[in-house]
Amino acid sequence: SQTAVLKQPKKRNKKKIGDNSPSFDGYVSNRYLIDFGQIVFGKVEKKEFVIKNITPFPISFEIYADCLAASGFSIDPVSFENMPTDEEITITVTFDNQLRTNGILGDCEFELPVVFNDDLGSVLHLKANLAMPTLNYSNMHFSFGNVIVGQSRVLTLQLQNMNRVPCEFNFGEA
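This is a predicted model, so every value here is computed, not measured.

Attention shifts here to the sheet that holds strand β3 (residues 45-52). Hydrogen bonding along the main chain pairs the strands of a sheet, whether they run parallel or antiparallel. Spatial strand order, β3-β7-β5: 3 strands in an open sheet with antiparallel pairing. Whereas interior strands pair on both sides, the edge strands pair on one side only; in this sheet they are β3 and β5 (71-76). Strand-to-strand, the axes of this sheet are offset by a mean angle of 20 degrees, without reference to chain direction. The pairing of β5 with strand β7 (residues 88-100) spans 5 bridges and is classified as antiparallel. Note that in β7 the partner of Ser74 across the bridge is Thr94.

Quick look at the structure:
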């Protein structure tokens with residue numbers, strides 16, 4: 001399974017002054033980790049998980065996903081009402097670099113409250129390492145030695161894309 005349970009339930013911190021995004025100040029009963037690992041820009045990554053109502057009564061909940069704005073991450077769907085007993089719902093978390101407008105690179109983490117009511121919820125902990133595509137060069141330095149005017153020398157440079165996504169590049173002036 002790609003989702004692990006984080007134990008240590010705790011009370012969430014209150015939101016900062018001036019922060020208009022929804023917050024959850026109730027008891028966090030469980031925490032779940034969704035770890036994307038390394039994501040190289042240029043590829044859309046998706047992870048799906050299933051939520052099942054195991055209670056003997058219908059439940060409703062909302063996932064507060066406002067912290068994902070401009071990050072390239074999205075979650076769908078984010079709310080349910082009166083989910084019957086034994087019903088399962090598939091939640092999809094997606095990373096799409098085309099939707100990313102912030103400059104976050106490297107390790108990033110987001111906490112998404114899953115709110116059942118004002119007093120009880122869970123937390124989805126979204127984690128990823130965002131990386132730019134890279135090229136490997138066969139040689140980082142070229143020495144043409146002594147070159148006489150009118151004479152040409154040819155040295156070969158090999159570029160290797162080590163990513164799972166296509167990498168575009170161009171040569172400019174030095």
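Here we take up the nonpolar core. Of all hydrophobic cores here, the largest spans 27 residues; its most connected members are Phe73 and Ile75. Listing elements by their share of this core, those giving two or more residues are β2 (27-40), β3, β4 (59-63), β5, β6 (79-83), β7, β8 (106-117) and β9 (120-131). In this structure Phe73 touches Phe36, Ile39, Leu68, Thr94, Phe95, Cys108, Phe110, Leu126, Ala128 and Leu130, once residues within four positions along its chain are discounted. Counting 5 residues, the second-largest nonpolar core is a separate cluster that includes Phe24, Tyr64, Val115 and Val123.

Mapped onto the elements of the fold, Glu48 is located in strand β3. Each C-alpha atom of the pair Glu48 and Thr92 lies 4.5 Å from the other, and the pair is 44 residues apart in sequence. Once residues lying within four places of it in the same chain are set aside, the contact partners of Glu48 are Thr90, Ile91 and Thr92. A polar contact of 3.4 Å, which involves the side chain of Glu48, links it to the side chain of Thr92.

All right, on to the pairing of β4 then. The two faces of the sheet receive side chains in turn, since in a regular strand these alternate between them. Because side chains alternate across β4, one face comprises the buried residues Ile59, Phe61 and Ile63, and the other comprises Ser60 and Glu62, none of which is buried. Across 3 bridges, β4 lies against β6 in antiparallel orientation. The partner of Phe61 across the bridge, within β6, is Phe80. Taken together, the 2 bridges between β4 and β8 define a ladder with antiparallel strand orientation. Within the sheet, the bridge partner assigned to Glu62 lies in β8 and is Val115.

For the structure on display, the rule yields 6 aromatic pairs. Measuring from centroid to centroid gives 5.5 Å for Phe36 and Phe73, while their planes differ by 65 degrees, and the two rings are edge-to-face. Highlighted residues: Phe36 in strand β2 and Phe73 in strand β5, separated in sequence by 37 residues. The exposure class assigned to Phe73 is buried, which follows from its relative accessible area of 5%. Members of the aromatic cluster, connected to one another through ring pairs, are Phe36, Phe41, Phe73, Phe95 and Phe110. Residue placement shows Lys47 over the ring face of Phe36; its charged tip is 5.7 Å from the ring centre.

Rules and cut-offs
Residues numbered from 1 in each chain as written. Predicted model: local features only at pLDDT ≥ 70, side-chain atom pairs only at ≥ 80, totals over all residues. Heavy atoms only, no water. Pairing = 2+ DSSP bridges. Helix = DSSP H or I, 4+ residues; strand = E, 2+ residues; numbered from the N terminus. Axes fitted to C-alpha atoms, helices over the stretch in contact; angles between N-to-C directions. Core = buried A, V, L, I, M, F, W, Y, C linked by side-chain atoms within 4.5 Å. Buried < 20%, exposed > 50% of the residue type's maximum accessible area, 1.4 Å probe, protein only. Contact = heavy atoms within 4.5 Å. Polar contact = N/O pair within 3.5 Å; in protein donor to acceptor, adjacent residues only side chain to side chain. Phe/Tyr/Trp six-rings, centres within 6.5 Å; stacked < 30°, edge-to-face > 60°. Lys NZ or Arg CZ within 6 Å of the ring centre and 35° of its normal.

Interpretation in functional terms is not warranted from these geometric data alone.
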